Amino acid sequence: RWHADHVPVRLVMSIIGPGCEYIPHEVEIMGSSSNMRLVDRNALNTLDEDDTRIANDIIVPPNLNTEAVTSAKEGDAVLLMGRAWEDSSEGDFTDDAKLAAVHRSPLLSSGQERILLTVDLVP
């Protein structure tokens, strides 16, 4: 499920299997020039939906998923800024604000395995 972590910074690395999927900040900002933002940050913060597929489609519209999503490969170290370091007031998601990285775990094929290393910055 698309989400942002509640830490200042998190390093995520898949030791075995596919890495995380994320929306680069630059890609999200480019989408703001159109009438539709790439990420519904209000839904990201407040959505109460049990079905992960429905939630994902609300947070990042499905027609944008393939163009906007970057997939880390096995062994890639991805440094993600979390909400604790976010530079926005409640509900104010301006283009120049420093926003938490929106990411999710990849869908795994049947029998596919994944070992994930995460390291959090502890203030």
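That block above? That's the structure.
Scope of this entry: the structure provided in the associated data block. (Residues numbered from 1 in each chain as written. Predicted model: local features only at pLDDT ≥ 70, side-chain atom pairs only at ≥ 80, totals over all residues. Heavy atoms only, no water.)

Here we take up the overall build of the chain. The helix and strand tally for the chain stands at 4 helices and 6 strands. In the chain, the succession of α and β elements from N to C terminus is β-β-α-α-α-α-β-β-β-β. Counting all 123 residues of the chain, 37% fall into the buried class. (Helix = DSSP H or I, 4+ residues; strand = E, 2+ residues; numbered from the N terminus. Buried < 20%, exposed > 50% of the residue type's maximum accessible area, 1.4 Å probe, protein only.)

The sheet built from 3 strands is open, its strands ordered β4-β1-β6 with antiparallel pairing. What marks the edges here is a single partner per strand, and that holds for β4 (77–81) and β6 (115–120). Pairwise comparison of adjacent strand axes, ignoring direction, gives a mean angle of 20 degrees for this sheet. By the bridge criterion, 6 bridges tie strand β1 (residues 9–16) to β6 in an arrangement that is antiparallel. Within β6, the residue paired with V12 across the bridge is T118. (Pairing = 2+ DSSP bridges. Axes fitted to C-alpha atoms, helices over the stretch in contact; angles between N-to-C directions.)

A few words now on helix α3 (residues 52–59). Where α3 is concerned, the buried positions are A55, N56 and I59. Burial along α3 is one-sided: seen end-on, the buried residues are contained in an arc of 100 degrees. (Arc of directions from axis to C-beta.)

Attention now moves to the sheet that holds strand β5 (residues 102–104). Ordered by their spatial adjacency, 3 strands build an open sheet running β3-β2-β5, and the pairing between neighbours is antiparallel. Taken across any chain shown, the strands that pair with only one partner, and hence form the sheet edges, are β3 (70–71) and β5. The sheet contact formed by strand β2 (residues 21–23) and β3 spans 2 bridges and is antiparallel. Bridging from a neighbouring strand, E21 pairs with S71 of β3.

Note on soluble globular proteins: their nonpolar side chains tend to be buried together. Core analysis: the largest hydrophobic core is formed by 13 residues, its most contacted members being W2, I23, V39, L44, I59, V60 and V102. Each residue touching I59, except ones within four places of it in the same chain, is listed here: W2, L38, V39, D40, A43, L44 and L47. Listed in part, the 6 residues of the second largest apolar core include V12, A72, V78 and L80. (Core = buried A, V, L, I, M, F, W, Y, C linked by side-chain atoms within 4.5 Å. Contact = heavy atoms within 4.5 Å.)

Mapped onto the elements of the fold, H103 is located in strand β5. Its relative accessible area of 5% is what places H103 among the buried residues. A polar atom in the side chain of H103 sits 3.1 Å from the backbone oxygen of A101. If near-sequence neighbours (up to four positions away) are discounted, H103 is found in contact with R1, W2, H3, A4, D5, E21, Y22 and L80. (Polar contact = N/O pair within 3.5 Å; in protein donor to acceptor, adjacent residues only side chain to side chain.)

Geometry only, nothing functional implied.
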